[in-house]
Amino acid sequence: MTEQNNIVAVDSIDAYNKAYGFETFHPLVTVVDMSEAKYRPNHITLRYGVYALWLKNGIACTLHYGRRKYDYQEGTIVSFAPGQIVKVDMTEEQLATPSHTLGLLFSPDLVYGTPLGKAIANYHFFDYDSAESLHLSERERRMFTDTLQSIRFEMEQPIDKHSQTILTDRIKLILDYCQRFYDRQFITRHKENSDILAAFEHNIREYFESDEARRNGLPSVAYFADKACLSPGYFGDLIRKETGMTAQLYIQQHILTLSKQLLLDPSQSITQVSDRLGFQYPQHFSRFFKKLAGMTPKDYREK
């Protein structure tokens, strides 16, 4: 690891292992049990240069990631991607308690040019805030840990021409498990998610009923995610699970409905409608409307 401005950069698997006293069996991947760590700082800020997933078995630390503090509870998984910064705090009591937190860390170099490397961006949970972590049942936990152990077994073997394929296939399996479990979690939180969707609809209406669109232009998904105190990635996935469409398309459909209502008012020109909706130029509005409605605003108004 290298330290810059009080932030410790996790530059490589070997650097991470050395910092915590783990043995390096493979230069691009490691599976660790924090109860076996020789060094455990009680306050540390990490900037990840690798991918990481952590399974917590018991309460042992507090994470600060995104805008909120999160008590890392038993049976949860948090994940981080290269470039993310995480602050870890541990009390003296927590340091004295053995922590069976299990971690999988792998370098982007391991998956480069592999099927997993091409699909890694599809695992949106790497961009979720820590407060949006994955909660596992006991059975799911066993599936996760069994797969971790198979990765650990393979990384301890001598490296040969098959190593990368076997390791990336097993890492993909564990990521697919996480995606499945997140899909289940979205379903079991339907009531909570429905409330978030209702608030999303209210915030969209409020944005356009006020003068916000005219002042600041078209709203982004990140704007409404921030309103919901969620990361854009988690918010987008939640809306897609609840509505069957992306959050961006959901916003666009609302803009389309509102634009049709405004176009029926002959006292407003197409330029005025465009300006009220937050489009920078009328031609941008015309392209948007034709793409979604199949005709230009002028044709719609005439018909």
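This report concerns the structure included in the present document. Everything quoted here is computed from the prediction, not taken from an experiment. Starting afresh in each chain, residues are numbered from 1 along the sequence in its written order. At least 70 in pLDDT is required for a residue's local features to be given in this predicted model, at least 80 for side-chain atom pairs to be given and counted, and no such filter applies to totals for whole chains, interfaces and linings, which use all residues. Remark: hydrogens and water are excluded; side-chain values derive from all non-hydrogen atoms of the structure.

1. Considerations on the nonpolar core
And then number 1: Buried Ala, Val, Leu, Ile, Met, Phe, Trp, Tyr and Cys residues form a nonpolar core when they are joined through side-chain atoms within 4.5 Å. Buried, partly exposed and exposed residues are distinguished by accessible area as a fraction of the type maximum, computed with a 1.4 Å probe on protein chains only: under 20%, between the cut-offs, and over 50%, respectively. Counting residues in each nonpolar core, the largest one holds 63 residues, and the members touching the most others are Leu53, Leu104, Phe106, Phe126, Leu175 and Phe235.
And then number 2: Of the residues forming this core, the biggest block, 9 residues, is contributed by helix α6 (residues 163–188).
And then number 3: Excluding residues within four positions of it along the chain, Leu53 makes contact with Ile77, Val78, Ser79, Leu102, Gly103, Leu104, Phe106, Phe125, Phe126, Phe144, Leu175 and Cys178.
And then number 4: Within the second largest apolar cluster, 20 residues are counted, among which are Val8, Tyr16, Ala37 and Trp54. Per the convention used, a helix needs a DSSP run of H or I reaching at least four residues, while a strand needs a run of E reaching at least two, with both numbered from the N terminus. In what follows, residue pairs with any heavy atoms lying within 4.5 Å of each other are defined as contacts.

2. Remarks on the environment of Leu134
And then number 1: Counting through the fold element by element, Leu134 comes out in strand β11 (residues 134–135).
And then number 2: With a relative accessible area of 0%, Leu134 lands in the buried category.
And then number 3: Taking the C-alpha atoms as reference points, Leu134 and Phe181, separated by 47 residues in sequence, lie 7.4 Å from one another.
And then number 4: Contact partners of Leu134, with chain neighbours within four places excluded, come to Gly75, Thr76, Ile77, Cys178, Phe181, Tyr182 and Gln185.

3. Looking at the pattern of salt bridges
And then number 1: Take a side-chain nitrogen of Lys or Arg and a carboxyl oxygen of Asp or Glu: if they are within 4 Å of each other, that pair is a salt bridge. If you walk through the whole model with that rule in mind, you get 12 salt bridges.
And then number 2: With a closest N to O distance of 3.0 Å, Asp176 and Lys172 form a salt bridge. Of this pair, Asp176 and Lys172 both sit in helix α6, 4 residues apart, which is roughly one turn of that helix.
And then number 3: Between Asp211 and Arg214 there is a salt bridge, with its nearest N and O atoms 2.8 Å apart.
And then number 4: Given the relative accessible area of 34%, Asp211 is considered partly exposed.

4. A few points about the sheet that holds strand β3 (residues 29–33)
And then number 1: A pair of strands is labelled paired if DSSP reports no fewer than 2 bridges between them. With respect to topology, 5 strands assemble into an open sheet ordered β3-β10-β5-β8-β11, the strand pairing being antiparallel. Strands at the two margins of the open sheet, each flanked by one partner only, are β3 and β11.
And then number 2: Pairing of β3 with strand β10 (residues 102–106), which is carried by 5 bridges, proceeds in the antiparallel orientation. Bridged to Asp33 within β10 is Leu102.

5. Re empty space enclosed by the protein
And then number 1: Here a cavity is any set of points on a 1 Å grid over the protein atoms alone where a 1.4 Å probe fits but cannot get out, and a pocket is any open set with protein on both sides within 12 Å along at least 5 of 7 lines; a residue lines the site when it has an atom within 4 Å of a point. Grid points are joined across faces, edges and corners, and a volume is the space filled by probe spheres set on the points. Summed over all chains, the structure comprises 2 cavities of 30 Å³ or more.
And then number 2: Looking at the second largest cavity, it is lined by 10 residues, and the ones nearest its centre are Val78, Ser79, Phe125, Tyr128 and Asp129.
And then number 3: Looking at the lining of the second largest cavity element by element, the count peaks at 3 residues for strand β8 (residues 76–80).
And then number 4: Each residue is assigned to one of three groups, with Ala, Val, Leu, Ile, Met, Phe, Trp, Tyr, Cys and Pro labelled nonpolar, Asp, Glu, Lys and Arg labelled charged, and all others, Gly among them, labelled polar. Classifying every residue of the lining of the second largest cavity gives 5 nonpolar, 3 polar and 2 charged.

6. Some points on helix α1 (residues 13–20)
And then number 1: Inspection of α1 places Ile13, Ala15, Tyr16, Asn17 and Tyr20 among the buried residues, and these make up the whole buried set.
And then number 2: Where α1 is buried, its residues touch β2 (7–10), β3, β4 (43–48), β5 (51–56) and β10.
And then number 3: We call two N or O atoms a polar contact when they sit within 3.5 Å, provided that within protein one can donate a hydrogen and the other can accept it, with sequence-adjacent residues counted only if both atoms are side-chain atoms. Measuring from the side-chain oxygen of the N-cap residue of α1 to the backbone nitrogen of Ala15 gives 3.1 Å; that N-cap residue is Ser12.
And then number 4: Gly21 occupies a position one or two residues after α1 and carries a positive phi of about 85°.

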